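One letter stands for each residue in the lines below.
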Amino acid sequence: MNILLLLIPLSLLFLAGAVWVFFWAVNHGQFDDLETPGLLPLDDSDKRETPP
Amino acid sequence: MSSSPNCWHCGEALQKGVVIHARVAGTTRPMCCQGCRAAAEWIEQLGLSDYYALRTSAAQRPAPDVDPATHDSWERPDNARHVIRDLGDGLRESLLLIEGVRCTACVWLIERSLGAMPGVVSVQVNAIAQRARVIWRESKFSLPQLLQGLARTGYHALPLDARGLDDLRRRESRDALKRLLVAGFGAMQAMMFATVIYLGAAASLDVSTRELMRWLGLLVATPVVFYSARPFFAGAWRSIGTRRIGMDVPVALAIAAVYAASVIEALRGSGEVYFDSISMFVFFLLAGRYLEMRARHRARDLTDALARLTPPFADRKREDGTLQRVGIHELRVGDCVRVSEGDIVPADGVLLTGRCRVDEALLSGESAPVTKRCGELLIAGSVLEDGPVLVRIERTGADTTLAGIAALVGRATAARPQLQRAGEQSVARFVVRVLVLTAVTATAWIVVDPTRAFSAAIAVLVISCPCAFALAVPAALTRALGALARRGVLVVKPDAIQALAECTHAIFDKTGTLTESRLSLADLHTFDGISRHEALRMAATLARESRHPIARAIAAADPGMDDAVVSDVATHSGLGVSARIAGREFRLGRSDFAVAGKPLAHEFEDAVMLADDDGPIAAFRMSERLRPDACAAIDALRAQGVTVLIASGDASSKVASIAARLNVAWRARLLPADKLAWVAELRAGGARVLAVGDGVNDAPFLAGADLGVALAEGAELTQASSDIVLKGARLDSIAYARDIAQRTLAIVRQNQRWALYYNFSAVPLAALGFVPPWLAALGMSLSSLGVILNALRIGRDAALRPAGPASREQVPAEACPRPAA
């Protein structure tokens, strides 16, 4: 069971890393608009309407 | 990128010699036109320039610094005048954005606390839009006092202002997402550690490992409680501070009690810990609130729409005749502004120069431009078709006709009865009962056996956790929304489902809704033996030179592109177009223009004529075309027992002919306020009204109906005031959506009954101490799971069913069968 003493802190480190990455992404606007970026590559019309 | 030959904003190729620039995110970018420039500057001003940054993965947006203006600065007339509306008679009106409105209890609280202030005439709060509309008497009250009053109640309010709105919204959505994620991760980890403890109880887990798992549970649950659950504590604290119990109080109490108990147990090293249950609880609650917030944000805001309908800047003429670019809120009555061709009129004003044509689709819903002469009124938001012109400003900001319509919409929305109120209240009542029951259980056990009091109380609290109850509605709604979205029905406000299922009357706007927004060629008569095909081809060649709706319709009627050499093209404003084809001079337009000076039969005087110097060649008649699915849609609705009506601003004769074809009752020549009044009249008679429209003139009546349906190709403001947006203008989806809505309500009722039965049977057992807390947590999760699985049936059932009784039939619009009324 001693391996737990290594694996659990490791998993917590991963967890902290994931939370940090996610916070960074949110703070940098990656989640502000979940719809439009997905549509941008599909929009090949000549003139775009005023962006949201 | 600044050397790109394309417009930075719209991507269109730049015209040679035209140099327009705008600063976006600190860099000068080329723009193709003033419109793009204004848009880019506006985006920049709103702090949304990361729209561009995301496309290039370059510049980083400056950190948003939300520093709400101190209340007193609203005292300055400069700031106050575009957020306060003068109702006359000493009355003032403001629309406030209120942060932190969560439930109907908050609405009640705000209405009560503000309504009690001297000088406040009326307060209306819309929880979904997070807005309050306040009317007060100026002699006794002021905007700063109003804001301070709200702050004292615990709500942060901003007089509505597009910039503040966007920042608030972004902050709210980012915070919610972070809290949700922390709670989700915490719940996952806590559950893992808890599983070890539960399984370890069966196997022989050594004491130190068990202890370690407890401390780890504490470690991951702590951020969940102190970070993710903070909104609940803040909300509860606010409620307690004002001595009014909202929904947050029981939730916060439950979280705090379970967490505190678990910490004590972990410190003592004995007994049970519930870090997993509490993290899950917080996660589920936050998930529900996040979904709700997304839906709320999706319902695009009035102010957004307004900001897009009026330009951010205007060119004001100085004393010396030079132009000065100013923000529209700086415009004063009496200012003289210049509007260029294709630009939007910034404020209501009187035309000072000769004559011009403007597109007032905004007000009338009619797409044909209107000719205005010197001294006539131009309306803010209308588009100038030819120019430039000078305009003397008569009304600005909140006094313009456009703002008037918007205010009408806002008022209608705020006055709408909250349909989901009943659902929320039942959950709130439920929670209060649970708390009472918990207290009773605890007291009873303290008398009987104090050692078991705590665990029994916790079991009651956890087993009856309103999760299944609270999930009953959102789970079914989410599923229904998904099923509807696949059919192009976008539901922007979740309570629309209930209204849709219960509606008894459907009112349709005519122009652009039942009929296609573009005109179509109805009839063609030729002279002098020219073939119809030949006449149409010639007319279409000329028509392609003009942007007028009639010209577009004629051009569209001739599919072939021809390569005739066209020269000397001249567009005659309000009359028609003339050009030289193969050496012959042709004219297309009004009869008095095209066949000027030549004899013409009386019957063709109101037709669109094609003529050359020798006389008329062909006559064209235009008509509105019924949408192909309009008949089927109306029949399907009627088959469901819905009364269908038409409300139109158009002339009686036109409305009557369309209504006769569809065999429905109608009213014509209605102004936006008249339509709203009709809806109010029907509702007063006990009807549940569904309104369908597309133009800005429909916005108030959409907002005032129980359910507003807007077409996706319609105006932004209309979509903002609607509950449902139809993509691709498929009217037959309405009946299908109503069908789904009714099934959804049935499932919701089933779910609620189910959750209630579960609680009725489980809570007594828990109160008697027969249920250990871990089993309570399991029961809670299973009941939630059952509710979710039941909700999943909605989409599956719907997928198997045909869209609607009549919608699959291809009925030609002209030959629509007339069912007996």
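Residues numbered from 1 in each chain as written. Chains lettered and ligands numbered in written order. Predicted model: local features only at pLDDT ≥ 70, side-chain atom pairs only at ≥ 80, totals over all residues.

Participant: Lay out the overall build of chain B with the relevant residues and their values.
Facilitator: The helix and strand inventory of chain B stands at 28 helices and 29 strands. Long-range pairs, those at least 24 residues apart, make up 66% of the contacts in chain B between residues at least 6 apart in sequence. (Helix = DSSP H or I, 4+ residues; strand = E, 2+ residues; numbered from the N terminus. Contact = placed C-beta atoms within 7 Å.)

Participant: Pulling in residues and values, what's your account of the nonpolar core?
Facilitator: Residue and element names in this part refer to chain B. Within the largest apolar cluster, 81 residues are counted, with the highest numbers of intra-cluster contacts made by Ala480, Leu500, Leu690 and Ala691. Ranked by residue count, the leading element in this core is helix 27 (residues 733-767), at 14 residues. Discounting chain neighbours no more than four positions away, the residues touching Ala480 are Ile497, Ile740, Ala741, Thr744 and Ile794. If you look at the next biggest cluster of nonpolar residues, it comprises 41 residues, including Ala187, Val224, Ala252 and Ala254. (Core = buried A, V, L, I, M, F, W, Y, C linked by C-beta atoms within 7 Å. Buried ≥ 20, exposed ≤ 12 C-beta atoms within 10 Å, placed from the backbone.)

Participant: Give me the lowdown on the pairing of strand 23 (residues 608-612) of chain B, citing residues and values where you can.
Facilitator: Residue and element names in this part refer to chain B. Within strand 23, 4 of the 5 residues are buried, which leaves it mostly tucked inside the rest of the structure. Summarising the sheet, strand 22 (residues 584-590) and strand 23 pair through 5 bridges and their orientation is antiparallel. Bridging from a neighbouring strand, Phe586 pairs with Asp612 of strand 23. Examined bridge by bridge, strand 23 and strand 24 (residues 615-626) share 5 bridges and lie antiparallel to one another. Residue pairing in the sheet places Val608 in a bridge with Phe620 of strand 24. (Pairing = 2+ DSSP bridges.)

Participant: So what's going on with the confidence of the model for chain A? Which residues, and what values?
Facilitator: Predicted confidence across chain A gives a mean pLDDT of 72, with 58% of residues reaching 70 or more. In this model residues 43-52 of chain A is a low-confidence stretch, pLDDT under 50, and it forms 12 contacts with partners more than four residues away in sequence or in other chains. (pLDDT = per-residue confidence, 0-100.)

Participant: Which residues make up the environment of Ala582(B), and what values do they have?
Facilitator: Its place among the elements puts Ala582(B) in the loop between strand 21 (576-581) and strand 22. Taking the C-alpha atoms as reference, Ala582(B) lies 8.5 Å from Ser567(B); in sequence the two are 15 residues apart.

Participant: Let's hear about the sheet that holds strand 15 (residues 383-384) of chain B: which residues, and what values?
Facilitator: One key point about sheets: their strands pair by backbone hydrogen bonds, in either a parallel or an antiparallel sense. Residue and element names in this part refer to chain B. What the 3 strands build is an open sheet, ordered 13-12-15; its pairing is antiparallel. Only two strands of the sheet have a single partner each, and these edge strands are strand 13 (370-373) and strand 15. As paired strands, strand 12 (residues 355-359) and strand 15 are joined by 2 bridges and run antiparallel to one another. Of the residues in strand 15, the one forming a bridge with Val358 is Leu384.

Participant: Outline the sheet that holds strand 27 (residues 689-693) of chain B, listing residues and values.
Facilitator: Residue and element names in this part refer to chain B. Ordered in space as 17-29-28-27-18-25-26, the 7 strands form an open sheet in which the pairing is mixed. Looking at the sheet topology across the chains shown, the edges are occupied by strand 17 (489-491) and strand 26 (665-667). Recorded for the sheet is a direction-independent mean angle of 20° between the axes of neighbouring strands. When strand 28 (residues 707-711) meets strand 29 (residues 724-726), the two strands line up parallel, connected through 3 bridges. Bridge assignment links Ala710 to a residue of strand 29, and that residue is Val725. (Axes fitted to C-alpha atoms, helices over the stretch in contact; angles between N-to-C directions.)

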